[in-house]
Amino acid sequence: MKAMIFAAGLGTRFKPWTDSHPKALALVNGKSLLQRNVEYLQRYGITQLVVNVHHFADQVVEEIKRTNGWGSRILISDERDELLETGGGLLRAKPLFDAGQRFLTCNADILTDLDISRLVAFHAQQLPLITVSVMQRTSSRYLLFDADNRLCGWRNAATGAERIAVARSAYLPKAYSCVAVFEYEVFSLIGRTGKFSLIDLYLDLAAGHRILGYDHSGDRLADVGKPDSVAVAESLFP
């Protein structure tokens, strides 16, 4: 199985580091976020990777070359011309995936000890189009699920804004952990072009296709979105 690590973002909340570096190379206990995710995937036998680049792209490419991909084979999806967000970034990277083979995605700035073997086993048993990892934790935005763990919508907890794809009488809100398993078929179903998020893609497809949530509440997770979150990440991931 191949995996894609999203590492192209501007990291505007992570200044001043991102004034001169990509956030993916920010250090947590001496290892970059990118290295930590590469090594995380290696623990589950995933060594064929795609990494997208935009902000200070040369630094990411040079570090991958310098370290020989930390022992993994890493292909670069180049977004220097335009930052495409996660959904657009995935679509741009389509030629780097193996036709007909399911794959996994994760974000460079999210650290977790989610058991990928269990996530993939759940996906293989249930056979949805996409399985998204989720947790019961406080967040500003939530994915909404029904009692069968099917994705039905999205909610902004701060503003109350919602986007509902599958109508239900009640929804279970859960926070997205940014690790997901996809069937390759998803590429033939993407109706957008240019810049868009994976959340947009999930909600576009949720009405006509099963997208399931895999709840791994209780696992460690650190969203390294701001400089002060590094200390939290370092306490969780020595």
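The preceding data block contains the structure.
Values in this document were obtained by computation on a predicted structure and should not be read as measured data. Within each chain, residue numbers correspond to sequence positions counted from 1 in written order. The model is predicted, so local features are restricted to residues of pLDDT at least 70 and side-chain atom pairs to those at 80 or more, both for listing and for counting; the totals for chains, interfaces and linings are taken over all residues. Hydrogens and waters are ignored; side-chain quantities use all the structure's heavy atoms.

## Some words on the packing of aromatic side chains
The geometry of an aromatic ring pair comes down to the distance between the two centres and the angle between the two planes.
Reasoning step 1: A pair of Phe, Tyr and Trp rings is counted when the ring centres sit within 6.5 Å of each other, with Trp represented by its six-membered ring. The angle between the planes then sorts it: under 30 degrees is stacked, over 60 is edge-to-face, the rest tilted. Applying the stated criterion to the full structure yields 9 aromatic pairs.
Reasoning step 2: Site record: aromatic cluster; members linked through ring pairs are Phe97, Phe103, Tyr176, Phe182, Tyr184, Phe187 and Tyr202.

## Considering the nonpolar core
Reasoning step 1: Only buried residues count toward a nonpolar core, which is a set of Ala, Val, Leu, Ile, Met, Phe, Trp, Tyr and Cys residues joined through side-chain atoms within 4.5 Å. To sort residues, take the accessible area from a 1.4 Å probe on protein chains only and compare it with the maximum for the residue type: under 20% means buried, over 50% means exposed, and anything in between is partly exposed. Counting 32 residues, the largest nonpolar core has Leu90, Phe97, Ile130, Val132, Phe182, Val186 and Tyr202 as the members making the most contacts within it.
Reasoning step 2: Helix numbering and strand numbering both begin at the N terminus, where a helix is a DSSP run of H or I of at least 4 residues and a strand a DSSP run of E of at least 2. Listing elements by their share of this core, those giving two or more residues are strand 1 (2-6), strand 8 (130-135), strand 9 (141-145), strand 12 (172-182), helix 5 (186-189) and helix 6 (198-205).
Reasoning step 3: With residues up to four places along the chain from it excluded, the contact list for Val186 reads Phe103, Leu129, Ile130, Leu201 and Leu205. Residues are treated as being in contact if the distance between any of their heavy atoms lies within 4.5 Å.

## Some details on the pairing of strand 4 (residues 48-53)
Reasoning step 1: For strand 4, the tally of buried residues reaches 5 of 6 residues, placing the bulk of the element in the interior.
Reasoning step 2: Paired strands are those between which DSSP finds at least two bridges. One ladder, built from 5 bridges, connects strand 1 with strand 4; its direction is parallel. Each bridged residue has a counterpart across the sheet, and for Ile5 the counterpart in strand 4 is Val51.
Reasoning step 3: Of the strand pairs in this sheet, strand 4 and strand 5 (residues 73-78) are connected by 6 bridges, and their pairing is parallel. Looking at the pairing, Val53 lines up with Asp78 of strand 5.
Reasoning step 4: Crossover strand 4 to strand 5 through helix 2 (residues 57-66) is right-handed. For the handedness criterion, the strands are oriented away from the viewer, and a crossover whose path from the first strand over the helix to the second runs clockwise is classed as right-handed.

## Considerations on the pattern of salt bridges
Reasoning step 1: For salt bridges, the criterion is a side-chain nitrogen of Lys or Arg within 4 Å of an Asp or Glu carboxyl oxygen. For the coordinates displayed, the defined rule picks out 16 salt bridges.
Reasoning step 2: Bridged by salt links that share partners, the residues Asp58, Asp78 and Arg80 form one connected network.

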